[in-house]
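If you want the building blocks of each chain, they are given just below.
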Amino acid sequence: MSAGAVAAAPAGPWCAADRARTAARHGAPLLPALATVLLLCAPADAARDTPLGALTPADAASAVLVAVCGLRLLRHRPRPLGRTAALVLGAPVAALALATVTSADPAASLPGLVRHLQVFVLVPAALLLTLRDARDFRVLAGALVLLALVQGAIGVHQYLTATGASYMGREVRAVGTFGPLDVMGMATAVGYGLTAALALGLAPGPRAPRWQRPAALASAAVLTVPLAVSFSRGAWIATAAAGAAVLLTAGARVAVPALAVLTATAVVLVGGAGTGSDLLGERVASIGAVSDAPDRSVTDRYALWAAAAGIWRDHPLTGAGLKQFPAERDGHASLGLSSGGDTAGAGVAFRREPLLSPHNLYLLALSEQGLIGATVLVGGWAVLLVCGVRRLRAARRARRATDCGLAATGLLVRQAVDFLSADIGGPSTVLTAVALGLVGWWALAPGRWPVPGGGTAAR
C-alpha cells in the first residue's frame, strides 16, 4: 500500500465528522425558529403573566430568534434587505408608532405596540434574514405540519371523549392544548399545517424522498378531521380558500388527481370519526344563515364590527390608539351587544370572557390605527402577494422550489381570509408571525433564487 493511501485512510471518519459539524452549524440558526413553532405544543397554562400580557414559551423563543438574528447582523454584517423588503417591514413601524403616540392613553398602548411589532415586523424580518435557502423553508414548513398533527390528534381525542371546550352544551369542541380561552388556537395551527402539507405534497422538490408526496398529502387529508371538529366557521372558510389557491396555482394536471384523493380520504376519515353529527351539520348550515337567522355569536360580531366602524369615524386618520378598542367599544356599540362570551370545558371552569376586539383584524386596524395603519397593513400584504406570485411563476418555469412558492401563497391567502373573522391575540398569535416570515422570505428575499437542491443561485 502506498504512503499516499495510508495517509488517506483516516480521512473517511474525519470527513464524516466535518460534515456533521458543518450540518450542525448550518442548522443552528434555524433552531430558534423551530422552537417558536414546536413549543406551541406546550399546554396553555405554561403562559406567564407579564406587564406586556401573557408570555408563552413560544413567545420567548420568538424573542430569542429576533435576538440571535440581531447578533448575527452585528457580527457578520450581511447584505441589508432590499428596498421593497425595507418598505414592507418599515412602514408598519411608522404607522404603529404614530397610532401609539396619538393614542388617548399612550402608556396603555405600549403593550399593543410591542405585540404588533412582534407579529408584523420583528419575527417576519428575523425569518427573512435567517432562512438561507429552500431547504430551510421546507424544514420550517414541516414544523408547521408536525405542530398541526400533534394539536389535531389532541383535538380529535377531546372530541371523541367529550373532554374539549363547551359547544352547544356539550364539551366536544376540539381546542388542543390551547384551551377554551384561545378557542381558535388549534384551528389556526391545523389550518396552517394543512396548507403547508398540501403544498409540499403537490410539488415536492426534485431531491425530495419518494415518501414525501404521499406522506404530505395524507397529512393534509388527516388534518381535515380536527379542523372539522374545531367547529370554527372562519377557520373552515380560510383554509378552504388557501387550499383552493394552492390547487389553482399548482396547475390542473397536478391538482385534479390530488384533489380527488384528498376529498375521498377526507370523507372517509370525517365519516369514520363520527363528525357527520347533528352538531357539525348545524354548524355548516349556519354559515349560510348568518344574514337570515344569525346566532348569538354572529349577532355580537355584527355589533362589534359596527362599533369598530363607529370608532374609526371618530378617529379617521390615526385611530383611537392601540389597545383602545375596549375603552371605546361601549360608546359605539348597540344595546344588543352581549357583555361577554361564555367559555368552559377542557379543564377550565365556566367563566365569562369580555369582548375586547371586533374579531376582524381589518376593522381592528381601522379603529385603533386609522386609515393610515389599515392602508399600510393591507398594502404590505398586497405587495407580498404580487411579489410572491411573480416569483412563483418564475420558479415554475425554472422548476425550482415550486413547493415553497405554493406554501407561501397558500399561507398568505389563508391569513388574509382568516382575518375577516379573527384578529391577533392568544398563544397562537406567534404562528401568524411565522407564517408571514415564510411568506416574506419567498416574496422578498433579496438577490437570490431557490434552486432544486435546496440551495440558492444568483438571480
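Procedures and definitions
- Residue positions within a chain follow its written sequence, with the count starting from 1.
- Given that this is a predicted model, residues contribute local features only at a pLDDT of at least 70 and side-chain atom pairs are listed and counted only at 80 or more, while totals for whole chains, interfaces and linings are drawn from all residues.
- With hydrogens and water set aside, each side-chain value is computed from the structure's full complement of heavy atoms.
- UniProt positions are given in the numbering used here, feature names are shortened, and annotations may be inferred rather than shown by experiment.
- Strands are runs of DSSP state E lasting at least 2 residues, helices are runs of H or I lasting at least 4, and numbering of each runs from the N terminus.
- Per-residue accessibility, obtained with a 1.4 Å probe over protein chains only, is compared with the maximum for each type, and a residue is labelled buried under 20%, exposed over 50%, and partly exposed between these values.
- It only takes one pair of heavy atoms within 4.5 Å for two residues to be counted as in contact.
- In this description, accessible areas are obtained by the Shrake-Rupley approach with a 1.4 Å probe, and a residue is regarded as covered only by the protein chains that are shown.
- Using only the protein atoms, space was sampled on a 1 Å grid; points where a 1.4 Å probe fits but cannot get out form cavities, open sets with protein on both sides within 12 Å along at least five of seven lines form pockets, and lining residues are those with an atom within 4 Å of a point.
- Grid points are joined across faces, edges and corners, and a volume is the space filled by probe spheres set on the points.
- Working definition: a ring pair exists when centres of Phe, Tyr or Trp rings (six-membered ring for Trp) sit within 6.5 Å. Plane angles under 30 degrees give stacked, over 60 give edge-to-face, the rest tilted.
- Axis angles are defined between N-to-C directions and span 0 to 180 degrees, where every axis is a line fitted to C-alpha atoms and, for a helix, only to the segment in contact.
- These descriptions rest on fixed angle ranges, namely under 35 degrees for roughly parallel, over 145 for roughly antiparallel, 65 to 115 for roughly perpendicular, and the rest for oblique.
- Crossing chirality is assigned from the near helix's rotation relative to the far helix, an anticlockwise turn below a right angle marking it left-handed and a clockwise turn marking it right-handed.
- Under the convention adopted here, Pro, Cys and the residues Ala, Val, Leu, Ile, Met, Phe, Trp and Tyr are nonpolar, Asp, Glu, Lys and Arg are charged, and Gly plus all remaining residues are polar.
- Whenever a carboxyl oxygen of Asp or Glu lies within 4 Å of a side-chain nitrogen of Lys or Arg, that contact is scored as a salt bridge.
- Expected helix span is taken as 1.5 Å per residue step, with the number of steps being one fewer than the number of residues.
- To get the bend at a given residue, fit one axis to the seven residues ending there, fit another to the seven starting there, and take the angle between those axes.
- Residues adjacent in sequence count toward polar contacts only when both atoms are side-chain atoms; beyond that, a polar contact is any pair of N or O atoms within 3.5 Å, and within protein one must be able to donate a hydrogen and the other to accept it.
- Each patch is built from salt-bridge-free residues with over 30% relative accessible area, joining like charges within 9 Å and nonpolar side chains (Val, Leu, Ile, Met, Phe, Trp, Tyr) within 5 Å.

The name given to the protein in an unreviewed UniProt entry is O-antigen ligase family protein, with the source organism recorded as Streptomyces siderophoricus. UniProt annotates the protein under Subcellular location (unreviewed entry) with the comment "Membrane".

Asker: For the overall build of the protein, give the residues involved together with the corresponding values.
Answerer: A tally of regular secondary structure across the protein gives 18 helices and eight strands. The proportion of buried residues among the 459 residues of the protein is 49%. If you take every contact in the protein between residues at least 6 apart in sequence, the share linking residues at least 24 apart comes to 77%. A total of about 20,600 Å² of accessible surface is found on the protein, and carbon and sulfur atoms cover 67% of it.

Asker: I'd like a rundown of empty space enclosed by the protein, residues and numbers included.
Answerer: The probe, sized like a water molecule, is rolled over the atoms to show the empty space still left. Counting across every chain of the model gives three cavities of 30 Å³ or more. The calculated volume of the largest cavity comes to roughly 270 Å³. Val-88, Pro-92, Phe-120, Leu-377 and Trp-381 are the residues nearest the centre of the largest cavity, which is lined by 21 residues in total. Elements supplying a minimum of two residues to the lining of the largest cavity: helix H5 (83–101), helix H6 (106–130), helix H16 (361–398) and helix H18 (429–444). Top contributing element to the lining of the largest cavity by residue count: H16, with nine residues.

Asker: So what's going on with the packing of aromatic side chains? Residues and values would help.
Answerer: Enumeration over the complete set of coordinates arrives at seven aromatic pairs. Measuring from centroid to centroid gives 6.4 Å for Phe-120 and Trp-381, while their planes differ by 50°, and the two rings are tilted. Of this pair, Phe-120 sits in helix H6 while Trp-381 sits in helix H16, and the two are 261 residues apart along the sequence. Overall, Phe-120 belongs to the buried group, its relative accessible area being 11%. Ring centres 6.4 Å apart and planes at 45° place the aromatic pair Tyr-159 and Phe-231 in the tilted group. Placement of the pair is Tyr-159 in helix H7 (residues 134–161) and Phe-231 in the loop between helix H10 (224–228) and helix H11 (233–250), with a sequence separation of 72 residues. Three or more aromatic residues link up through ring pairs in this structure, and these residues are Phe-120, Tyr-362, Trp-381 and Phe-419.

Asker: Explain the packing of helix H4 (residues 57–76) against H6 to me, and be specific about the residues and the numbers.
Answerer: For the pair H4 and H6, the least separation of the axes is 9 Å and the interaxial angle reads 50°. It follows from the interaxial angle that H4 and H6 lie oblique. For the pair H4 and H6, the crossing hand works out as left-handed. Contact residues: Asp-59, Ser-62, Leu-65, Val-66, Cys-69, Arg-72 and Leu-73 in H4; Arg-115, Gln-118, Leu-122, Val-123, Ala-126, Leu-127, Leu-129 and Thr-130 in H6. Here the residues of the contact of H4 with H6 sort into nine nonpolar, three polar and three charged.

Asker: Tell me about the UniProt feature "transmembrane region" (unreviewed entry) in the protein, residues and numbers included.
Answerer: Here, UniProt's "transmembrane region" (unreviewed entry) annotation points to residues 56–74, 81–101, 113–132, 139–160, 183–203, 254–273, 370–389 and 424–444. Helix makes up 90% of residues 81–101 and strand 0%. Its end C-alpha atoms lie 27 Å apart.

Asker: Lay out the pattern of salt bridges in plain terms, naming residues and giving numbers.
Answerer: Note that side chains of opposite charge can pair when their charged atoms are close. Evaluation of the coordinates by the stated rule reveals five salt bridges. The partner of Arg-115 in a salt bridge is Asp-59, and the shortest N-O contact between them spans 3.2 Å. Here Arg-115 is found in helix H6, whereas its partner Asp-59 is found in helix H4, with 56 residues between them in sequence. For Asp-418, the salt bridge is made with Arg-414, and the minimal N-O distance between the two is 3.9 Å. Residue Asp-418 and its partner Arg-414 are located together in helix H17 (residues 402–418), separated by four residues, close to a single helical turn. With respect to burial, Asp-418 and Arg-414 carry one shared label: buried.

Asker: So what's going on with H16? Which residues, and what values?
Answerer: Side chains that are three or four residues apart share a direction in an α-helix, a result of its 3.6 residues per turn. Given a rise of 1.5 Å per residue, 38 residues ought to cover 56 Å, yet the end C-alpha atoms of H16 are separated by just 37 Å, more than 12% below that figure. The sharpest bend along H16 reaches about 135° and sits at Gln-369. Backbone nitrogen of Tyr-362 and a side-chain oxygen of the N-cap are separated by 3.0 Å at the start of H16; the cap is Asn-360. Backbone geometry just after H16 places Arg-399 at a positive phi near 55°.

Asker: Tell me what's going on with H7, and back it up with residues and numbers.
Answerer: The end-to-end C-alpha distance of H7, which contains 28 residues, comes to 40 Å, matching closely the 40 Å that a straight helix rising 1.5 Å per residue would cover. Measuring from the side-chain oxygen of the N-cap residue of H7 to the backbone nitrogen of Arg-135 gives 3.1 Å; that N-cap residue is Asp-133. Backbone geometry just downstream of H7 places Ala-162 in the positive-phi region, at approximately 55°.

Asker: Summarise a nonpolar patch on the surface; cite the residues concerned and give the values.
Answerer: On the surface, Leu-38, Leu-146, Val-150 and Ile-154 cluster together into a nonpolar patch covering about 270 Å² of accessible area. Relative to the elements of secondary structure, Leu-38 occurs in helix H3 (residues 31–38). Using a relative accessible area of 33% as the deciding quantity, one classes Leu-38 as partly exposed.

Asker: Quick one: what's the story with the packing of helix H8 (residues 185–202) against H11, residue by residue and with numbers?
Answerer: At a minimum axis distance of 10 Å, the contact between H8 and H11 shows a crossing angle of 10°. For the element pair H8 / H11, the angle class is roughly parallel. Facing Ala-187, Gly-191, Leu-194, Thr-195, Leu-198, Ala-199 and Leu-202 of H8, the residues of H11 in contact are Ala-235, Thr-239, Ala-242, Gly-243, Val-246, Leu-247 and Ala-250. Residue composition of the contact of H8 with H11, grouped by class: ten nonpolar, four polar and no charged.

Asker: Provide a residue-level description of unusual backbone geometry, including the pertinent values.
Answerer: The backbone phi angle of Ala-162 is positive, close to 55°, even though this residue is not glycine. You can see Ala-162 is positioned in the loop between H7 and strand S3 (165–167). If you check the backbone angles, Lys-323 has positive phi at about 70° while not being a glycine.

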